[in-house]
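What follows is each chain in one-letter form.
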Amino acid sequence: MSEILEKEFITDSVFRMRVEAPEIARKRKAGQFIILRTCDEGERIPLTIADASVKEGWIELVVQVVGKTTKSLSELDAGESICDLVGPLGRPTHIELYGSVVVVGGGIGIAPSHPIAQALRAAGNRVISILGGRTKDLVIMEEKMRATSDEILITTDDGSYGMKGLVTDALQALIDKGEKIDLVVAIGPPIMMKFVSLLTKKYDIPTLVSLNTIMVDGTGMCGACRVTVGDETKFVCVDGPEFDGHKVDFDEMMKRLRMYELHEKESMDRYASS
Amino acid sequence: MEEKKLTPKERLKIPSQVMPEQDPRERIHNVDEVPYGYDEELARTEAMRCLQCKKAPCVKGCPVEIDIPGFIQSILDGNYRASINTIKLTNILPAVCGRVCPQEEQCQMTCVVGKSLKDVAKAVQIGKLERFAADWEMAQGETEMPEVKSPTEKRVAIVGSGPAGLTVAADVRREGHEVTIFEALHKPGGVLIYGIPEFRLPKQIVMREVENLEKMGVELKTNMVIGKVYTIDELFEEGFDAVFVGTGAGLPLFMHIPGENLNGVYSANEYLTRANLMQAYSFPETDTPIARTKNVAVFGGGNVAMDSARTALRLGAENVYLVYRRSRAEMPARVEEVEHAVEEGVQLHLLQNPVRIIGDENGWVKAIECIKMELGEPDDSGRRRPVPIKNSEFMIDVDTCIVAIGNASNPLVPNTTPDIATNKWGNIVTDSETLKTSKKGVFAGGDIVLGAATVILAMGQGRKAAVAINEYLASGVW
Ligand SMILES: Cc1cc2nc3c(=O)[nH]c(=O)nc-3n(C[C@H](O)[C@H](O)[C@H](O)COP(=O)(O)OP(=O)(O)OC[C@H]3O[C@@H](n4cnc5c(N)ncnc54)[C@H](O)[C@@H]3O)c2cc1C
Ligand code: FES
């Protein structure tokens with residue numbers, strides 16, 4: 001059992017949750033995730049660690065309500081507990097001095113890109129962050145990202161904030177401006193990571209993406225999380241979650257993410273009507 | 001007692017007692033256990049068949065050398081308490097082993113009754129009698145707890161709570177050492193919980209064994225992936241004096257054929273974990289989904305393949321095809337599992353091998369292409385090697401595939417502890433008697449050492465490791 005210390009909605013459907021987890025906080029590194037289960041009948045879902053404090057013994061998760069598990073998690077309040085929490089899982093981001101790094105965070109993907117931007121900056125990199133969302137409210141954590149970036153660009157699909165367009169438009173603009181880019185790290189919806197990777201491939205800019213596949217155990221035991229990277233099958237939970245974006249088969253991954261679409265809807269409808 | 005007067009000849013005339021079972025047509029609609037177990041009368045009649053051989057070749061056939069004639073005699077005497085206590089001297093999980101051991105390749109294979117009747121199937125049903133004694137004890141309520149010696153102030157960490165880890169925990173705890181089990185999943189038991197289905201091994205039995213360990217004072221920490229939250233070195237820093245690694249063979253092998261990442265293709269581990277550990281068979285009352293499909297192909301011929309095929313039936317599949325590249329005689333599964341699967345309607349596709357999985361426009365499986373095989377010369381394993389027959393390809397329409405061709409060793413601990421030596425298959429290398437690894441204070445056993453093996457072999461290694469750990473902690477000599 002892990003106690004919830006704080007919960008706060010940051011948009012209508014996105015909330016931030018601080019959970020007591022001293023052992024995970026002590027060990028976690030940028031890029032790693034946890035798996036949780038809210039209750040005994042619950043599903044195991046992976047969530048990236050957005051922040052942590054070793055001193056205070058907590059980790060922070062930023063979660064978008066998309067299905068039954070995230071919905072029921074969002075209904076828990078400080079003082080209540082999560083039945084199971086395991087981590088830190090996955091390999092940490094490989095941090096070194098690359099030079100100039102563009103961190104692209106799309107929607108909820110901004111949360112996991114924050115610790116990575118922080119670590120990259122601490123290693124001496126110049127960090128340019130591009131934050132994108134459909135509309136102004138969905139561009140989360142702007143202040144925190146600003147604090148860990150040398151430069152920040154914001155895009156919204158509807159133009160309600162920052163530049164109107166997609167994160168790839170902002171990235172293209174940077175490239176066109178002649179900005180020297182040594183690495184791009186892209187975290188967000190698969191379709192965004194796909195188009196960022198397609199763009200950077202044209203310019204031969206190394207690109208890391210962080211994949212959020214379906215998972216069960218998170219220890220390499222089941223293979224639910226498998227993706228094709230180059231001509232190999234990889235398990236995201238133990239070989240990833242970060243991979244070379246130029247080699248990931250995003251189309252296959254997006255199809256796999258839809259495997260339980262009907263079940264998810266059934267589960268959600270049932271929950272909503274209860 | 002009149003039984004005692006029976007001559008060996010008379011004993012050989014008693015037919016082997018059949019265990020009553022759920023009707024196959026009924027049982028594919030539920031997940032309840034298939035065989036009901038012997039009642040007292042059946043058990044004692046079966047026990048009468050034992051010749052009480054002086055040399056007892058059955059005992060040598062048992063990896064943990066249970067005193068088989070001894071426990072069978074106690075059943076015959078009606079002294080069930082004595083019977084179960086005899087078994088428990090060397091086997092802490094009799095209710096499990098009675099149900100899942102490959103007896104026909106172990107104790108029952110060497111049984112003189114079976115040999116005399118020239119049919120291993122007619123051997124004394126040692127496994128069923130073992131189950132009877134264990135179930136009898138469970139039905140009494142409280143189990144007798146082994147004595148725990150006074151505290152030694154030494155601490156042992158056990159990584160993984162499968163049969164290997166549970167055995168070590170019991171034997172080391174008895175010596176008075178403090179024992180903590182670290183388990184990656186949210187429930188203890190290893191394959192016994194996440195892999196082997198309820199209809200073959202009720203989970204309540206496993207949970208009860210774990211509770212008994214906790215009553216002995218063993219501490220259990222679930223949701224702890226060693227190598228991640230603590231490395232082995234950090235466990236020593238935390239004050240543990242010895243570590244046992246029993247992390248199992250949890251790395252599913254795939255076939256590397258086209259189409260294996262299509263939707264609807266599962267590893268057996270995933271399929272069984274969803275169904276058992278996550279209780280997907282109760283979806284939507286529980287939250288974890290599993291494909292509810294009609295035509296399922298399972299690839300493989302072992303226990304894991306049988307469990308997957310029979311689970312698919314219980315999830316509502318109309319056709320379950322078990323595709324295996326050799327013939328039925330070579331199947332590594334327990335004979336009883338193959339029989340049960342066939343009775344329930346699993347269709348055996350023998351001497352066939354999948355070469356390609358074909359998907360529809362949405363990325364879902366719609367068919368498999370197989371090739372026919374014939375048996376050639378024996379290979380390293382002594383089994384005849386299957387060879388494809390040219391131009392014999394054909395298609396089967398399916399909407400789910402389950403790959404059950406085996407598991408390799410879980411690499412998480414070795415990867416994060418480079419000073420633990422492994423062999424070319426990724427198994428941890430140990431001394432065969434002491435189960436010591438190349439790293440001081442670290443022992444290993446079970447599937448992580450043997451490769452995917454059996455419950456009883458994992459327990460056998462656990463017992464040896466426990467003896468060595470107790471010695472090491474007493475002497476301090478590595
Ligand atoms: C579906 C199936 C059916 C089978 N049927 C039979 C049968 O009928 N008869 C038979 O004798 N055998 C059978 N087997 C084989 C048998 O289950 C195994 O040989 C046995 O369970 C091995 O025991 P173990 O303790 O070595 O490992 P496991 O039972 O695999 O347990 C290992 C445990 O370690 C945990 N773990 C792994 N990594 C870590 C880590 N880094 N940190 C913490 N914990 C970790 C795992 O989560 C797991 O709980 C079957 C196997 C399967 C998969
Ligand atoms: S989630 Fe099971 S192997 Fe990755």
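Residues numbered from 1 in each chain as written. Chains lettered and ligands numbered in written order. Predicted model: local features only at pLDDT ≥ 70, side-chain atom pairs only at ≥ 80, totals over all residues. Heavy atoms only, no water.

Caption draft 1: A look at the sheet that holds strand β6 (residues 265-267) of chain B. Residue and element names in this part refer to chain B. Taking strand neighbours across the sheet as the criterion, the 5 strands line up as β6-β14-β7-β8-β9 in an open arrangement whose pairing is parallel. Each edge of the open sheet is held by one strand with a lone partner, namely β6 and β9 (347-350). Recorded for the sheet is a direction-independent mean angle of 20 degrees between the axes of neighbouring strands. Where β6 meets strand β14 (residues 400-403), 3 bridges bridge the pair, whose relative direction is parallel. In the sheet register, Tyr266 faces β14, and the bridge partner there is Ile402. Against the sheet, helix α15 (residues 303-314) contacts β7 (295-299), β8 (319-324) and β14, and its axis sits at roughly 170 degrees relative to β8. (Pairing = 2+ DSSP bridges. Helix = DSSP H or I, 4+ residues; strand = E, 2+ residues; numbered from the N terminus. Axes fitted to C-alpha atoms, helices over the stretch in contact; angles between N-to-C directions. Contact = heavy atoms within 4.5 Å.)

Caption draft 2: Expanded view of the site of ligand 1. Residues and elements named next belong to chain B. Lining the immediate environment of ligand 1, one finds 36 residues, of which Val100, Glu183, Arg200, Ile226 and Asp447 sit closest. The contact in question runs from a nitrogen atom of ligand 1 to an N or O atom on the backbone of Ile226, over 2.9 Å. At the level of secondary structure, the elements contributing two or more residues to the shell around ligand 1 comprise α10 (163-174), α15 and α19 (455-475). Take the shell around ligand 1: its biggest share by element is 3 residues, from α15. (Near = heavy atom within 4 Å. Polar contact = N/O pair within 3.5 Å; in protein donor to acceptor, adjacent residues only side chain to side chain.)

Caption draft 3: Broad picture of the packing of aromatic side chains. With the rule as written, the count across this model stands at 9 aromatic pairs over all chains. Aromatic pair Phe9(A) and Phe15(A): ring centres 5.6 Å apart, planes at 50 degrees, arrangement tilted. You can call Phe9(A) partly exposed: its relative accessible area is 40%. Among the residues examined, Phe15(A) registers a relative accessible area of 0% and is labelled buried. Between Tyr472(B) and Trp478(B), the aromatic rings sit 5.2 Å apart at their centres with planes inclined by 80 degrees, giving edge-to-face as the arrangement. Overall, Tyr472(B) belongs to the buried group, its relative accessible area being 10%. One aromatic cluster is present, formed by Tyr80(B), Phe132(B) and Trp136(B) through successive ring pairs. Sitting above the plane of the Tyr161(A) ring, Lys136(A) keeps its charged end 5.2 Å from the centroid. Residue placement shows Lys372(B) over the ring face of Phe394(B); its charged tip is 5.4 Å from the ring centre. (Phe/Tyr/Trp six-rings, centres within 6.5 Å; stacked < 30°, edge-to-face > 60°. Buried < 20%, exposed > 50% of the residue type's maximum accessible area, 1.4 Å probe, protein only. Lys NZ or Arg CZ within 6 Å of the ring centre and 35° of its normal.)

Caption draft 4: Layout of helix α12 (residues 203-215) of chain B. All names here are of chain B. For α12, which comprises 13 residues, the first-to-last C-alpha distance of 18 Å matches the rise-based estimate of 18 Å (1.5 Å per residue) to within 8%. Its buried side turned inward, α12 meets α7 (94-100), α9 (126-139), α10, β2 (178-182), α11 (191-194) and β3 (219-221). The positive-phi residue at the C-terminal boundary of α12 is Gly217, with phi of around 100 degrees. (Expected span 1.5 Å × (residues − 1).)

Caption draft 5: Focus on the interface of chain A and chain B. Listed per partner, the contact involves 43 residues of chain A and 46 residues of chain B. For the pair chain A and chain B, the summed buried area comes to about 3,800 Å², and 52% of that belongs to carbon and sulfur atoms. Sorting the residues of chain A by area buried against chain B places Met221(A), Arg226(A) and Met259(A) first, and these three jointly supply 17% of that buried surface. In this structure, the connection of chain A to chain B is made through 5 salt bridges. The salt bridge involving Lys68(A) is made with Asp287(B); its shortest N-O contact spans 2.8 Å. Our enumeration of links across chain A and chain B arrives at 24 residue pairs in polar contact (both at pLDDT 80 or more). Among the elements of the structure, α1 (22-27), α2 (68-74), β8 (84-89), β15 (226-229), β16 (232-235), α8 (250-257) and α9 (261-272) of chain A are those that each provide at least two residues to the side of chain A that touches chain B. The dominant element in the side of chain A that touches chain B, judged by the number of residues it contributes, is β8(A), at 6 residues. Among the residues making up the side of chain A that touches chain B, the classes are represented as 14 nonpolar, 12 polar and 17 charged. (Buried area = accessible area lost by both parts, 1.4 Å probe. Salt bridge = Lys/Arg side-chain N within 4 Å of Asp/Glu carboxyl O. Nonpolar A, V, L, I, M, F, W, Y, C, P; charged D, E, K, R; others polar.)

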